[in-house]
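Working through the structure, step by step
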Amino acid sequence: VKHPLKIAVTGAAGQISYALLFRLLSGEILGKDQPISLNLLDLPQMEQTLAGIEMEIIDGCFPLLHEIKYGSDPYALFKDIDVALLIGAKPRTKGMERKDLLSENAKIFIDQGKALQAGAKPTAKVIVVGNPCNTNAMVLKHYAPKLDPMNVHALMHLDELRAIAQIAHKKRVNVSDVKGVVIWGNHSNTQVPDVSRCTVKGQPHGLDENWIKNEWQPRIQTRGAEVIKTLGRSSAASAANATVQLLHQLMTPTSEGEWYSSAVLTNHGAYPLEEGILFGVPCRTKQDLSCEVVSGILWSDEEMIRTTEKELVGEREFCKREGVV
Ligand code: NDP
């Protein structure tokens, strides 16, 4: 029997987490032979909700559940963890500007970075979902220097899944026939969905340039807002799906010639980008489960890359001015 994997989830009383926890415990993501210890974290006022979620999880009668704990202290709940799924973040409310969101969230991620530094296993893998996820992850990494920078990810995988689904629909093929899409940059509407290396059923994609530029790219960049407008609330289930799918990617060697998009610290040097920001790039998981950036992919639109880079540099500069990093 495998040793239980200790997974911390923040924002565990929220919508994304609600759609995520049962997926984790089903065994589809980490294997039917991988026991899981869950540490659920949320704000002190959410304790009652966490108690209820714990009851539902117990009632799920999952053979893979080794242990469950909940609370609001990251130092207690990040102790010895193998994985952190950081979903909790302050949502943008009416009248709030992006910089207000940045500073409110920076406080959360300073604390959580320190708590990871204090207690997490040095090999821990971290996925930041709470927005603005790239810059939240940048702040967190600053306070958790012991973590391998290639193990700290900001979620771009939902953008990638959206991008693949739209191409599969257009080409009338199965989603698994579409490979090689890349999402560069920030998880915001400046992101750069890229088909320069995309294949469909192993052949060049053959998609119309005009469709790519004027329909596909803008649709992927603004899909979150489109879902909110249609559904009346945010895309929690698909965000949860993308989070567990990325976790699966990080814990499974990537097939030869393939990659997934994820935002990692730019200090890897694989692309000429400003250092010290988390930028979406193509990544692979090696046999030893370490993560590497796939180099050598030519950007099809450098101007768009520089725009999303500039946005991330701006967010970092703001954090510097505020004394956050
Ligand atoms: P959700 O679970 O729906 O969303 C949580 C975060 O994920 C938000 O920042 C949201 O960003 C982000 N997100 C990223 N991608 C997506 C996507 N595709 N669709 C939707 N959201 C996405 O929020 P809830 O309000 O239901 O739950 C948040 C929980 O976090 C609450 O229980 C709250 O108490 C908790 N929280 C915990 C903190 C902590 O642990 N210290 C601090 C603050 C809050 P966006 O806002 O851009 O949609």
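For the structure itself, consult the block above.
Presented here is a report on the structure given in the accompanying data block. Because the structure is predicted, anything quoted here is derived from the model rather than measured. (Residues numbered from 1 in each chain as written. Predicted model: local features only at pLDDT ≥ 70, side-chain atom pairs only at ≥ 80, totals over all residues. Heavy atoms only, no water.)

What follows covers the packing of aromatic side chains. On inspection of all chains with the given rule, the structure shows 4 aromatic pairs. Note on Phe-22 and Phe-62: the rings are 5.5 Å apart at their centroids and 75° apart in plane angle, and the pair reads as edge-to-face. Of this pair, Phe-22 sits in helix 1 (residues 15-25) while Phe-62 sits in the loop between helix 2 (47-59) and strand 3 (65-71); the two residues are 40 residues apart in sequence, bridging distant segments of the chain. The buried category is assigned to Phe-62, whose relative accessible area is 19%. Judged by centre distance (5.1 Å) and plane angle (80°), the rings of Trp-184 and Tyr-271 are edge-to-face. Residue Trp-184 is located in strand 8 (residues 182-184), and its partner Tyr-271 is located in the loop between strand 12 (260-265) and strand 13 (278-285); the two are separated by 87 residues in the primary sequence. (Phe/Tyr/Trp six-rings, centres within 6.5 Å; stacked < 30°, edge-to-face > 60°. Helix = DSSP H or I, 4+ residues; strand = E, 2+ residues; numbered from the N terminus. Buried < 20%, exposed > 50% of the residue type's maximum accessible area, 1.4 Å probe, protein only.)

Close to the ligand lie 24 residues; Gln-15, Ile-16, Asp-42, Leu-158 and Ser-235 are nearest. Separating an oxygen atom of the ligand from a backbone N or O atom of Gly-14 is a distance of 3.5 Å. Within the side chain of Ser-235, an N or O atom sits 2.9 Å from a nitrogen atom of the ligand. Secondary structure elements with two or more residues in the shell around the ligand: helix 1, helix 4 (98-119) and helix 6 (157-171). (Near = heavy atom within 4 Å. Polar contact = N/O pair within 3.5 Å; in protein donor to acceptor, adjacent residues only side chain to side chain.)

Turning next to unusual backbone geometry. In the segment running from Asn-131 into Pro-132, the intervening peptide bond is cis, with an omega of -5°. Mapped onto the elements, Pro-132 comes out in the loop between strand 5 (125-128) and helix 5 (133-143). In this structure, Cys-61 takes a positive phi of about 55° despite not being glycine. Within the secondary structure, Cys-61 is located in the loop between helix 2 and strand 3.

Within strand 2 (residues 36-41), 6 of the 6 residues are buried, which leaves the element mostly enclosed by the surrounding structure. Alternating positions in strand 2 separate into two faces, Ile-36, Leu-38 and Leu-40 on one and Ser-37, Asn-39 and Leu-41 on the other, with burial throughout. Pairing of strand 1 (residues 5-10) with strand 2, which is carried by 6 bridges, proceeds in the parallel orientation. Bridge pairing in strand 2 links Thr-10 to Leu-41. Taken together, strand 1, helix 1 and strand 2 form a β-α-β motif whose crossover is right-handed. (Pairing = 2+ DSSP bridges. Right-handed = clockwise from strand over helix to strand, strands pointing away.)

The next subject is the sheet that holds strand 7 (residues 178-179). As summarised here, the arrangement of the 3 strands in space is 7-10-11, forming an open sheet in which the pairing is antiparallel. Edge strands, defined here as strands with exactly one partner in the open sheet, are strand 7 and strand 11 (203-204). Bridge count between strand 10 (residues 199-200) and strand 11: 2 bridges; the pairing is antiparallel. When the bridges of strand 11 are listed, Val-200 appears paired with Gln-203.

Relative to each other, helix 1 and helix 2 sit at 30°, their axes nearing to 11 Å. Our classification of the angle between helix 1 and helix 2 gives roughly parallel. Seen along the crossing, helix 1 lies across helix 2 with a hand that is right-handed. For the pair helix 1 and helix 2, the contacting residues are Tyr-18, Leu-21, Phe-22 and Leu-25 in the first and Ile-53, Glu-56 and Ile-57 in the second. Residue composition of the contact of helix 1 with helix 2, grouped by class: 6 nonpolar, no polar and 1 charged. (Axes fitted to C-alpha atoms, helices over the stretch in contact; angles between N-to-C directions. Parallel < 35°, antiparallel > 145°, perpendicular 65-115°, else oblique. Left-handed = near helix turned anticlockwise from the far one by under 90°. Contact = heavy atoms within 4.5 Å. Nonpolar A, V, L, I, M, F, W, Y, C, P; charged D, E, K, R; others polar.)

In total, this model carries 17 salt bridges according to the counting rule given. Measuring nitrogen to oxygen at the nearest pair gives 3.7 Å for the salt bridge that ties Lys-90 to Glu-104. Here the residue Lys-90 occupies a position in the loop between strand 4 (83-86) and helix 4, and Glu-104 occupies one in helix 4, the gap between them amounting to 14 residues. We classify Glu-104 as partly exposed; its relative accessible area is 28%. The network of salt bridges with common partners includes Lys-90, Glu-104 and Lys-107. (Salt bridge = Lys/Arg side-chain N within 4 Å of Asp/Glu carboxyl O.)

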